[in-house]
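# Analysis of the macromolecular model
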Amino acid sequence: MTTQKRPERRLTIDLVAAARPNFMKIAPLWHALKTRPWARARVVHTGQHYDYAMSQVFFEELGLPAPFVNLGIGSGSHGQQTGRVLEAYEAHLVRERPDLVVVVGDVNATPAAALAAVKLHIPTAHLEAGLRSFDRTMPEEINRLVTDTVCDFLWTPSADADENLAAEGIPKERIHRVGNIMIDTLIMLMPRFKQEDILQRLGLREQGYGVLTLHRPSNVDSREKLSVLCDLILAAQKRLPLVFPLHPRTRARLEEYGLLSRLEVPHLHILPPQPYCAFMRLVSAARVVVTDSGGLQEETSYLGIPCLTLRNNTERPITLTLGTNRLVRPDTLLAELDSALATPVRPKDIPLWDGQTASRVAEHIQTIFC
Ligand code: UD1
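Right, let's get into the overall build of the protein. Counting its regular elements, the protein contains 16 helices and 13 strands. Taking 2.2 N^0.38 as the reference for a compact globule, 370 residues should give roughly 21 Å; the C-alpha atoms of the protein span a radius of gyration of 21 Å, in line with that estimate. Considering only C-alpha atoms, the protein reaches an extent of 65 × 50 × 40 Å along its principal axes. For the protein, the residues scored as buried account for 56% of the 370 residues in total. Nonlocal contacts in the protein, meaning residues at least 24 apart in sequence, comprise 70% of its contacts between residues at least 6 apart. Accessible surface computed for the protein: about 15900 Å², of which carbon and sulfur atoms make up 52%. Computed over 42 positive and 41 negative side-chain charges, the separation of the two mean positions in the protein equals 2 Å.

Okay, structure coming up:
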């Protein structure tokens, strides 16, 4: 009988997460690395999202360990958030140098942590690399461009992402297509979220309502735009009941602009931010989703739920070509909603949206470092 030799020293890997959508992206990778004898993953929480409902509840549901370190960055302007992560994470890296840093998504911490690491010559990887909206007014687009420029390993979800990187002159040795990590999380937690009782609690029936989320500065940070959107929401809830979990940014703006009370109508369920499982239960049984989120365009495409995205562009074009997503403007929203309610959708299989992305990433890390 041969016994497998345990590596003398395990590879220390920092998984950096800052905000709600990041927790869903590091969780499958943390679980995949936990089972690899050569790896020691550590969760680094920058603290951008700090409320129980925006952070801790996701750690609990996703089975993530308490963070190895919380940098306590909190809220602030883009410059403040980026600068604070750069300074605090650099200090952490100097004290607790890992062998590899993994950053995810496109939030302010993503380029900041990547910059801190590469300047200390620590190998750094970006999970969900190569997405481009080609809209430089979006803070996330700038974050993506900076991150992909500096990282050593670019783990992409789809062929369009590889093409974007190649078009920017990034050598193909740095690009590795691994698949969509968010779908790993969705598949991992599907048995759990199917048991959630949120529909009963809200008195909703399957396929009998829509889900609405809004949080992009371009939609919620102007009184005029948000007021127009409120009128549209009021018109839409006459067509079918809507569930609207409010992001803290959106709640703050609605209150500041005196719009929240206008939304107190019978067919609009305004909720606090929802935990992952309750929210995915709501989405998976919805007739339609209206959103400006990035991740929801993917989750609805996988689940075969029509998605109307209130944005001029998307960094996830595969959700338009192979998924269930349509870009809508305020002036086309109601017509698109009627059309979505009238037309059944038939999603196709999207390559590498299979729940195995974290395993492919773990294998790639092993090939490079072990
Ligand atoms: C950030 C990301 C965005 C991502 C979103 C998901 C950037 C540039 N943006 O936007 O890409 O889609 O997260 O939610 O990084 N707040 C709370 N409690 C919290 C966290 C924030 O009340 O736990 C408040 C803040 O005080 C602030 C507002 O929510 O007023 C927005 O938070 P912020 O960190 O600026 O980013 P998001 O809008 O959440």
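Next comes the rest of the description.
The local shell around the ligand holds 18 residues, among which His49, Asp51, Ser75, Glu140 and Arg249 are the closest. Take His49: an N or O atom from its side chain is 2.8 Å from an oxygen atom of the ligand. Contact with the protein chains hides 85% of the accessible area of the ligand, taken as 760 Å² for the molecule alone. Taken together, the elements giving at least two residues each to the shell around the ligand come down to helix H3 (78-95) and helix H11 (248-256). Looking at the shell around the ligand residue by residue, the class counts come to six nonpolar, eight polar and four charged.

Relative to the assigned elements, His126 resides in strand S5 (residues 124-127). Judged by relative accessible area, His126 falls into the buried class, the value being 0%. As for His126 and Thr147, which are separated by 21 residues in sequence, their C-alpha atoms are 7.2 Å apart. Apart from the residues within four sequence positions on either side, His126 is in contact with Val103, Val104, Gly105, Thr110, Thr147, Asp148, Cys151, Phe153, Leu154 and Trp155.

We now examine helix H2 (residues 52-62). Within the span of H2, buried status applies to Met54, Ser55, Val57, Phe58, Phe59, Glu61 and Leu62. Buried-residue contacts for H2 involve helix H1 (20-34), strand S2 (39-45), helix H7 (181-193), H11 and helix H12 (276-284). Once H2 finishes, Gly63 follows within two positions and takes phi at roughly 70 degrees, a positive value.

A few words now on the environment of Leu212. By the element assignment, Leu212 lies in strand S8 (residues 210-212). Through-space distance from the C-alpha of Leu212 to that of Pro245 is 7.2 Å; in sequence the pair is 33 residues apart. For Leu212, the contacting residues outside a window of four places in its chain are Ile233, Val243, Phe244, Pro245 and Val290.

Turning to the packing of H1 against helix H16 (residues 357-369), a few remarks are in order. Interaxial distance between H1 and H16 falls to 8 Å at its minimum, and their mutual angle equals 55 degrees. On the basis of their axis angle, the class for H1 and H16 is oblique. Of the two elements, H1 crosses H16, and the hand of that crossing is right-handed. Taken together, the residues of H16 that come into contact with H1 (itself represented by Pro28, Leu29, Ala32 and Leu33) are Ala358, Ser359, Val361, Ala362 and Ile365.

Attention shifts here to H3. Here H3 contains 18 residues, and its C-alpha end-to-end distance of 26 Å stays within 8% of the 26 Å for a straight helix at 1.5 Å per residue. Gln81, Val85, Tyr89, His92 and Leu93 are the residues of H3 that are buried. Buried positions in H3, seen along its axis, are confined to an arc of 95 degrees and lie on one side of it. Set apart from the buried face of H3 by more than 90 degrees, the exposed residues are Gly79, Glu87, Val94 and Arg95.

If you trace the backbone, Ala39 turns up in strand S2. Between the C-alpha atoms of Ala39 and Ile365, which are 326 residues apart in sequence, the distance is 9.4 Å.

Let's shift gears to the pairing of strand S9 (residues 242-245). Of the two faces of S9, the one carrying Leu242 and Phe244 and the one carrying Val243 and Pro245 are both buried. Sheet topology note: the S8/S9 ladder contains two bridges and is parallel. Counted as the bridge partner of Val211 is Val243 from S9. Here S9 pairs with strand S10 (residues 268-271) via four bridges, running parallel. Paired with Phe244 across the bridge in S10 is Ile270.

So, how was this worked out
- Residues numbered from 1 in each chain as written.
- Predicted model: local features only at pLDDT ≥ 70, side-chain atom pairs only at ≥ 80, totals over all residues.
- Heavy atoms only, no water.
- Helix = DSSP H or I, 4+ residues; strand = E, 2+ residues; numbered from the N terminus.
- Rg over C-alpha atoms; globule rule 2.2 N^0.38 Å.
- Buried < 20%, exposed > 50% of the residue type's maximum accessible area, 1.4 Å probe, protein only.
- Contact = heavy atoms within 4.5 Å.
- Areas by Shrake-Rupley, 256 points an atom, 1.4 Å probe, with all protein chains shown as cover.
- Lys, Arg positive; Asp, Glu negative; His and termini not counted.
- Charge placed at Lys NZ, Arg CZ, Asp CG, Glu CD.
- Near = heavy atom within 4 Å.
- Polar contact = N/O pair within 3.5 Å; in protein donor to acceptor, adjacent residues only side chain to side chain.
- Nonpolar A, V, L, I, M, F, W, Y, C, P; charged D, E, K, R; others polar.
- Axes fitted to C-alpha atoms, helices over the stretch in contact; angles between N-to-C directions.
- Parallel < 35°, antiparallel > 145°, perpendicular 65-115°, else oblique.
- Left-handed = near helix turned anticlockwise from the far one by under 90°.
- Expected span 1.5 Å × (residues − 1).
- Arc of directions from axis to C-beta.
- Pairing = 2+ DSSP bridges.

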